[in-house]
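Single-letter residue listing:
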Amino acid sequence: MMNELSILSTVKLNNQVEMPLLGLGIYETGSSRQTQNAVAWALEVGYRHIDTAKLYGNESDIAPVLQKMSLARNEVFVTSKLWNSDHGYDKSIRAFNHSLERSGLGYFDLFLIHWPVEKLRADSWRALETIYQEGKCRAIGVSNYTIRHLEELLGACKVPPAVNQVEYHPFLYQKKLLEFCRANNIRLSAYSPLTKGEKLDDNTLKTIGNRYGKSPAQIMIRWVLEQEVIVLPKSARQSRIIENAEVYDFHLEESDRKTLDALNQDWHCTWNPTNIV
Ligand SMILES: NC(=O)c1ccc[n+]([C@@H]2O[C@H](COP(=O)([O-])OP(=O)(O)OC[C@H]3O[C@@H](n4cnc5c(N)ncnc54)[C@H](OP(=O)(O)O)[C@@H]3O)[C@@H](O)[C@H]2O)c1
């Protein structure tokens with residue numbers, strides 16, 4: 001476990017790029033105005049990492065906020081993703097260029113294959129390698145890849161993935177995947193870390209939270225951070241964006257961490273890539 005985590009804590013990717021551990025997820029944050037508000041609130045509190053995707057329709061809502069807040073491009077880490085209908089070598093290159101153009105950001109810090117689309121994902125990965133080698137994004141990676149998908153990719157790639165972004169929370173504690181990623185120098189990134197809100201009433205989370213004066217959401221975020229896993233809570237509300245970042249004034253006791261580990265039910269609240277061949 002890292003000793004002193006802070007909102008500015010970063011981890012080093014396999015190409016030495018520093019990636020902030022805490023990021024704001026902006027899937028379904030509402031209108032452009034609402035999304036820009038959410039991004040601004042997050043940046044005001046000190047988040048320095050935003051997770052978008054073509055699918056979310058809001059890649060263009062980050063640059064205007066940086067400009068308004070007079071933040072330099074290199075002060076904020078931005079991830080976007082290749083959508084499923086854009087797979088294949090040429091289509092991936094085109095889709096990336098469109099995303100980048102739409103974003104107005106000049107470059108992405110990280111670009112991910114959103115989902116391991118059958119038959120086409122290997123060609124798409126070659127496109128990401130080209131994009132990376134041309135310097136249009138600082139790192140490339142994947143999302144929703146299981147160990148099998150990663151083994152296939154590692155066996156064929158020239159540039160290994162820096163990140164695998166997957167659903168990850170105490171009810172889906174993907175320990176084997178985490179260990180595989182660690183062994184292969186791939187950083188795990190946790191999406192839907194708040195179980196989309198579905199488990200926030202869980203009694204174990206509440207009991208542990210009460211001990212630290214923290215909410216179930218804060219307990220789940222801290223559980224991820226203490227594993228040096230990147231965490232991407234989403235909220236479009238200012239009070240929750242602040243709450244989700246107030247996780248740096250306590251440590252989980254070993255016994256509580258074990259109790260949280262034991263909540264695992266292999267339960268997915270988003271999509272499940274296990275059967276994708
Ligand atoms: N790669 C992928 O396939 C993939 C899939 C899913 C998600 N993601 C990424 O991960 C991010 C987060 O995942 P997610 O959006 O699925 O869900 P999530 O972060 O687990 O949960 C978001 C839900 O929890 C609520 N919430 C947030 N903070 C809260 C708090 N402190 N107390 C109570 N409720 C709270 C939000 O409502 P309000 O907004 O109303 O506060 C929203 O309904 C996404 O935005 C996206 O960037 C990636």
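Residues numbered from 1 in each chain as written. Predicted model: local features only at pLDDT ≥ 70, side-chain atom pairs only at ≥ 80, totals over all residues. Heavy atoms only, no water.

K.L.:
Just checking my understanding: could you explain helix H1 (residues 32-45) for this structure?
P.N.:
Given 3.6 residues to a turn, an α-helix orients residues that are three or four positions apart in the same direction. The terminal C-alpha atoms of H1 lie 20 Å apart, and with 14 residues this matches the ideal 20 Å at 1.5 Å per residue to within 8%. On the buried face of H1, the contacting elements are strand S3 (24-25), strand S4 (49-51), helix H2 (63-68) and helix H9 (238-243). Directly beyond the C-terminal end of H1, a positive phi value near 120° is found at Gly46. (Helix = DSSP H or I, 4+ residues; strand = E, 2+ residues; numbered from the N terminus. Expected span 1.5 Å × (residues − 1). Contact = heavy atoms within 4.5 Å.)

K.L.:
Whenever I open this one, unusual backbone geometry confuses me. Can you help?
P.N.:
Most of the time, phi is negative for any residue but glycine, and the peptide bond is trans. Located in the positive-phi region is Asn144, a residue other than glycine, with phi close to 65°. Mapped onto the secondary structure, Asn144 falls in the loop between strand S7 (137-143) and helix H5 (147-154). On the basis of relative accessible area, Asn144 is assigned to the buried category, the value being 2%. In the Ramachandran plot, Thr195 falls in the positive-phi region, its phi being about 55° despite a non-glycine side chain. One can find Thr195 in the loop between strand S9 (187-191) and helix H7 (203-212). For Thr195, a relative accessible area of 0% corresponds to the buried category. (Buried < 20%, exposed > 50% of the residue type's maximum accessible area, 1.4 Å probe, protein only.)

K.L.:
Sorry, what's going on with the site of the ligand here?
P.N.:
The immediate surroundings of the ligand are formed by 30 residues, with Asp51, Ser192, Lys196, Lys234 and Ser235 found nearest. Between the ligand and Ser143, the relevant distance is 2.8 Å, taken from a nitrogen atom to a side-chain nitrogen or oxygen of the residue. In this structure, Arg237 approaches the ligand through a side-chain N or O atom, which is 2.9 Å from an oxygen atom. When the free accessible area of the ligand is taken as 900 Å², the share hidden by the protein chains comes to 89%. Considered class by class, the residues forming the shell around the ligand number twelve nonpolar, eleven polar and seven charged. (Near = heavy atom within 4 Å. Polar contact = N/O pair within 3.5 Å; in protein donor to acceptor, adjacent residues only side chain to side chain. Areas by Shrake-Rupley, 256 points an atom, 1.4 Å probe, with all protein chains shown as cover. Nonpolar A, V, L, I, M, F, W, Y, C, P; charged D, E, K, R; others polar.)

K.L.:
Looking at this model, I keep getting lost on the packing of H5 against helix H6 (residues 175-183). Mind explaining?
P.N.:
A pair of packed helices can be characterised by two numbers: the angle between their axes and the separation between those axes. At their nearest, the axes of H5 and H6 sit 10 Å apart, and the two run at 20° to each other. By the criterion of interaxial angle, the relationship of H5 to H6 is roughly parallel. The element H5 and its partner H6 pack so that their crossing is left-handed. Contact with H5, carried on its side by Ile147, Leu150, Glu151 and Leu154, involves Lys176, Leu177, Phe180 and Cys181 of H6 and no other residues of that element. (Axes fitted to C-alpha atoms, helices over the stretch in contact; angles between N-to-C directions. Parallel < 35°, antiparallel > 145°, perpendicular 65-115°, else oblique. Left-handed = near helix turned anticlockwise from the far one by under 90°.)

K.L.:
Please explain the sheet that holds strand S5 (residues 77-82) as it appears in this structure.
P.N.:
Pairing in this open sheet of eight strands is parallel, and the strands run S3-S4-S5-S6-S7-S8-S9-S10 from one edge to the other. Of all the strands in the sheet, the pair left with one neighbour each is S3 and strand S10 (230-231). (Pairing = 2+ DSSP bridges.)

K.L.:
Would you explain the pattern of salt bridges in this entry?
P.N.:
Any two side chains of opposite charge can pair, so long as their charged atoms come close to each other. Counted according to the given criterion, the structure contains 16 salt bridges. Here Glu59 and Arg102 are joined by a salt bridge, their closest N and O atoms 2.9 Å apart. Highlighted residues: Glu59 in the loop between S4 and H2 and Arg102 in helix H3 (residues 89-103), separated in sequence by 43 residues. Given a relative accessible area of 3%, Glu59 falls into the buried group. The exposure class of Arg102 is partly exposed, given its relative accessible area of 39%. (Salt bridge = Lys/Arg side-chain N within 4 Å of Asp/Glu carboxyl O.)

K.L.:
When you look at the packing of H3 against helix H4 (residues 121-133) in this model, what are you seeing that I'm missing?
P.N.:
Packing of H3 against H4 leaves a shortest axis separation of 7 Å and a crossing angle of 45°. The pairing of H3 with H4 is recorded here as oblique in orientation. In the packing of H3 onto H4, the handedness of the crossing is right-handed. Two secondary-structure elements touch here, H3 through Tyr89, Ser92, Ile93 and Phe96 and H4 through Asp123, Ser124, Arg126, Ala127, Thr130 and Ile131.

K.L.:
Even after reading the chapter, I still don't get the pairing of strand S8 (residues 163-167), so can you show me in this structure?
P.N.:
The side chains of a regular strand alternate, residue by residue, between the two faces of the sheet. Of all the five residues making up S8, five are buried; the element is thus mostly covered by neighbouring parts of the structure. Bridge count between S7 and S8: two bridges; the pairing is parallel. Across the sheet, residue Val142 finds its bridge partner in S8, namely Asn164. For the handedness criterion, the β-α-β arrangement of S7, H5 and S8 is classed as right-handed. As defined by bridge partners, S8 adjoins S9 across five bridges and the pair is classed as parallel. Residue pairing across strands places Val163 opposite Arg187, the latter belonging to S9. Handedness of the crossover is the feature at issue here: the chain leaves S8, passes through H6, returns alongside S9, and the resulting connection is right-handed. (Right-handed = clockwise from strand over helix to strand, strands pointing away.)

Everything listed here is a matter of coordinates, which is why it stays silent on function.
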